[in-house]
Amino acid sequence: MNTNQQKVALITGITGQDGSYLAELLLEKGYIVHGIKRRASSFNTQRIDHLYQDLHESHVNFVLHYGDLTDSTNIIRIIQEVQPDEIYNLGAMSHVKVSFDSPEYVANVDAVGALRILEAVRILKLEKKTRVYQASTSELYGGMPENKNAAGFYDENSPFYPRSPYGVAKIYGFWITKNYREAYNMFACNGILFNHESPRRGETFVTRKITMAAAAIALGKQDCLYLGNLDAQRDWGHAKDYVKAMWLILQQDKPEDFVIATGQTTKVRDFVQMAFAHVGFHIRWSGSGVEEVGILDSIDEQRYEAATGRKLNVNALNVKTLNDSSINAERLTLNVGDVVVRVDPRYFRPTEVDLLIGDPTKAKTQLGWEPEYDLQGLVEDMMRGDIQLFKKS
Ligand code: NDP
Ligand code: GDR
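Source: prediction; values computed, not measured.

Asks: Now, about the overall build of the chain: what can you tell me, with residues and values included?
Replies: A count of helical and extended segments in the chain gives eleven helices and 17 strands. Since a compact globule built from 393 residues should have a radius of gyration of about 21 Å, the 22 Å found for the chain is in line with a globular shape. C-alpha atoms of the chain, sized along the principal axes, occupy 75 × 55 × 40 Å. Relative to its 393 residues, the chain shows a buried fraction of 55%. Sequence separation of 24 or more characterises 75% of the internal contacts of the chain that already satisfy a separation of 6 or more. In the structure as shown, the chain presents an accessible area of about 17600 Å², 48% of it carried by carbon and sulfur atoms.

Quick look at the structure:
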């Protein structure tokens, strides 16, 4: 702790979805928050710009450092300077599909990066002071049906079987964290978090891709959404709830690993329907395999207007979505019966994780963790965010 008794946290991956929510949470709790950001040729701090503080002010609670998880010297130097009470290692190349394209890089960042953090704490003799949270993932389970528990969930005792270079790299992160805990008595913990989303979710993850497309199509700015496997099932929660669990994990008396999940699983195609339903669009599926399409079956006019603040031009069966002359009229026409979702096999993965569903019982009983959002609340939060985004742009 520093002289003011304020706790000091260091977050890797602070510019990402979880890093930004966690930084907000820790600042609210009175922490001094340090974050590591990568140098990029364009701005990558949009999610945390509202937290920025001028370093010339007398007391600063939020400090960013340039750094990279592939660079041990820089990790050691930052940890030495910051002397954190808690490190949250959230930095990662986190896209499962992209990990098939850059497997060696993913191993370097997601696997060896976790080691670099732990080893820096050990080299600097901070084992007794610094607690480490490692961002582990439900991808470790790989969705193997035979590895679920008797009740049909993945829990802290379920065996792992990763199905991507990302999952394989993260399994190293999981085990090296556990090993440093056992070998050096470090307070190092894994949160095995199932998928969590938000209006700040990266735009190429499936939920955000869907909510952005549903908003854009409803506002006449996009014609069609192209997706991969519509039948994949995920246990989706809200990132705001999940960062609370990260913090709770590091506040326990003993270092342990926890599953964080909702205990519900939903198909990608059902998430599509929920997102479009927010703007009053009912989607009907037709065809099969790569030929399957989502067709606009009907529009609930009241819902459309309530969600978008715009009027529909209803014209018997010929329904126009928008009545806004400021937008290119050719792109505005959308008829009931039009295809708004198509399958594109380019989004299929060489090995897929078909179904994930987690059992959060240990987190609920031991941490007292309770999520505030259900899936409907998550979808609404994301849709509201994306409608605002497209109305502004
Ligand atoms: P994001 O992809 O939104 O954020 C990843 C962060 O890591 C970004 O700040 C990114 O920086 C940073 N990063 C990437 N490469 C490096 C590197 N070489 N050195 C330093 N930083 C780097 O992920 P989320 O916020 O969604 O996830 C946070 C963590 O939790 C990740 O480790 C992810 O694998 C894990 N996880 C996520 C789940 C989810 O559903 N969201 C579920 C389970 C685990 P930049 O902004 O510059 O790209
Ligand atoms: P995931 O998330 O791989 O579970 O990893 P993602 O949203 O990318 O995919 C979820 C499922 O949707 C299917 N899918 C598509 N996915 C993407 N990205 N784009 C598409 O067009 C598409 N169509 C269908 C996928 O095949 C998959 O089955 C996320 C990341 O945040 C990881 O970092 C984290 O560890 C895990 O969640 C838990």
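Asks: How would you sum up the side chain of E197? Please name residues and give values.
Replies: Checked against the element boundaries, E197 lands in strand 7 (residues 196–197). A polar contact of 2.5 Å, which involves the side chain of E197, links it to the side chain of T207. Not counting residues up to four positions away in its chain, the partners in contact with E197 are Q17, T207, W236, G237, H238, A239, L378 and M382.

Asks: How would you sum up the site of ligand 2? Please name residues and give values.
Replies: Around ligand 2 there are 23 residues in total, and S94, T137, Y166, R349 and E352 lie nearest to it. Within the backbone of S94, one N or O atom sits 2.6 Å away from an oxygen atom of ligand 2. Here an oxygen atom of ligand 2 sits 2.8 Å away from a polar atom, N or O, in the main chain of V206. Summarising the interface, the protein chains cover 95% of the accessible area of ligand 2, which totals 700 Å² for the free molecule. Its residues assigned to classes, the shell around ligand 2 comprises nine nonpolar, eight polar and six charged.

Asks: An account of the side chain of N89 is requested, with residue identities and associated values reported.
Replies: Note that N89 resides in strand 4 (residues 86–89). Judged by its relative accessible area of 3%, N89 falls in the buried class. Of the polar contacts made by the side chain of N89, one reaches the side chain of Q134; its length is 2.8 Å. Ignoring sequence-local partners within four residues, the contact set of N89 consists of T12, L69, G113, A114, I117, Y133, Q134 and A135.

Asks: Talk me through the sheet that holds strand 8 (residues 225–227); I want residue IDs and the actual numbers.
Replies: Spatially, the four strands line up as an open sheet ordered 8-17-14-13, and their pairing is mixed. Every interior strand has two partners, whereas the edge strands, strand 8 and strand 13 (281–286), have only one. Ignoring strand direction, the axes of neighbouring strands in this sheet form an average angle of 25 degrees. Sheet topology places strand 8 next to strand 17 (residues 339–343); three bridges connect them, and they run parallel. Looking at the pairing, L227 lines up with V343 of strand 17. Running at roughly 160 degrees to strand 8, helix 6 (residues 206–218) makes contact with strand 8, strand 13 and strand 17 of the sheet. The sheet contacts of helix 8 (residues 268–278) involve strand 8, strand 13 and strand 17, and relative to strand 13 the element is tilted by about 150 degrees.

Asks: An account of the packing of helix 6 against helix 11 (residues 375–392) is needed here, citing residue identities and associated values.
Replies: Helix 11 packs onto helix 6 with a crossing angle of 50 degrees between their chain directions and a minimal axis gap of 8 Å. Considering their axes alone, helix 6 and helix 11 lie oblique with respect to each other. In the crossing of helix 6 with helix 11, the sense of the turn from one axis to the other is right-handed. Across from T207, R208, T211, M212, A214, A215 and A216 in helix 6, the residues of helix 11 making contact are M382, M383, D386, I387, L389 and F390.

Asks: If you had to explain the site of ligand 1 to someone new, which residues and values would you point to?
Replies: The environment of ligand 1 is made up of 26 residues, and the closest members are T15, R38, S94, Y166 and K170. Q17 is positioned with one of its backbone polar atoms (N or O) 3.1 Å from an oxygen atom of ligand 1. In the complex, the protein chains occlude 90% of the 900 Å² of accessible area that ligand 1 would expose alone. Contributions of two or more residues to the shell around ligand 1 are made by helix 1 (17–28), helix 4 (103–123), strand 5 (131–137) and helix 5 (165–184). Considering only residue class, the shell around ligand 1 consists of ten nonpolar, eleven polar and five charged.

Asks: Could you give an account of the pairing of strand 2 (residues 32–37), with specific residues and numbers?
Replies: Counted residue by residue, strand 2 has six buried out of six residues, so it is predominantly covered. Because side chains alternate across strand 2, one face comprises the buried residues I32, H34 and I36, and the other comprises V33, G35 and K37, equally buried. For strand 1 (residues 8–12) and strand 2, the ladder comprises five bridges, and the chain directions are parallel. Residue pairing for strand 2: L10 is matched across the bridge by H34.

Asks: So, the nonpolar core: which residues are in play, and what are the values?
Replies: In terms of nonpolar packing, the biggest core is built from 39 residues, with I210, L227, F276, F281, V341 and M383 touching the most fellow members. When residues of this core are traced back to their parent elements, those giving at least two are helix 6, strand 8, helix 8, strand 13, strand 14 (293–299), helix 9 (301–308), strand 17 and helix 11. Looking at this core, the element that brings in the most residues is helix 6, giving eight residues.

Asks: Could you give an account of the sheet that holds strand 6 (residues 188–193), naming the residues involved and the relevant values?
Replies: The strand order across the open sheet formed by seven strands is 3-2-1-4-5-6-11, and the pairing between neighbours is parallel. The strands lining the two open edges of the sheet, one partner per strand, are strand 3 (62–66) and strand 11 (258–260). Pairwise comparison of adjacent strand axes, ignoring direction, gives a mean angle of 20 degrees for this sheet. Looking at chain direction, strand 1 and strand 4 are connected through four bridges and run parallel. Within the sheet, the bridge partner assigned to L10 lies in strand 4 and is I87. Each of strand 1, strand 2, strand 3 and strand 4 is contacted by helix 1, which is oriented at about 175 degrees to strand 1, the strand it contacts most. Against the sheet, helix 2 (residues 72–82) touches strand 1, strand 2, strand 3 and strand 4, its axis set at about 155 degrees to strand 3.

Each value, and the rule that gives it
- Residues numbered from 1 in each chain as written.
- Chains lettered and ligands numbered in written order.
- Predicted model: local features only at pLDDT ≥ 70, side-chain atom pairs only at ≥ 80, totals over all residues.
- Heavy atoms only, no water.
- Helix = DSSP H or I, 4+ residues; strand = E, 2+ residues; numbered from the N terminus.
- Rg over C-alpha atoms; globule rule 2.2 N^0.38 Å.
- Buried < 20%, exposed > 50% of the residue type's maximum accessible area, 1.4 Å probe, protein only.
- Contact = heavy atoms within 4.5 Å.
- Areas by Shrake-Rupley, 256 points an atom, 1.4 Å probe, with all protein chains shown as cover.
- Polar contact = N/O pair within 3.5 Å; in protein donor to acceptor, adjacent residues only side chain to side chain.
- Near = heavy atom within 4 Å.
- Nonpolar A, V, L, I, M, F, W, Y, C, P; charged D, E, K, R; others polar.
- Pairing = 2+ DSSP bridges.
- Axes fitted to C-alpha atoms, helices over the stretch in contact; angles between N-to-C directions.
- Parallel < 35°, antiparallel > 145°, perpendicular 65-115°, else oblique.
- Left-handed = near helix turned anticlockwise from the far one by under 90°.
- Core = buried A, V, L, I, M, F, W, Y, C linked by side-chain atoms within 4.5 Å.

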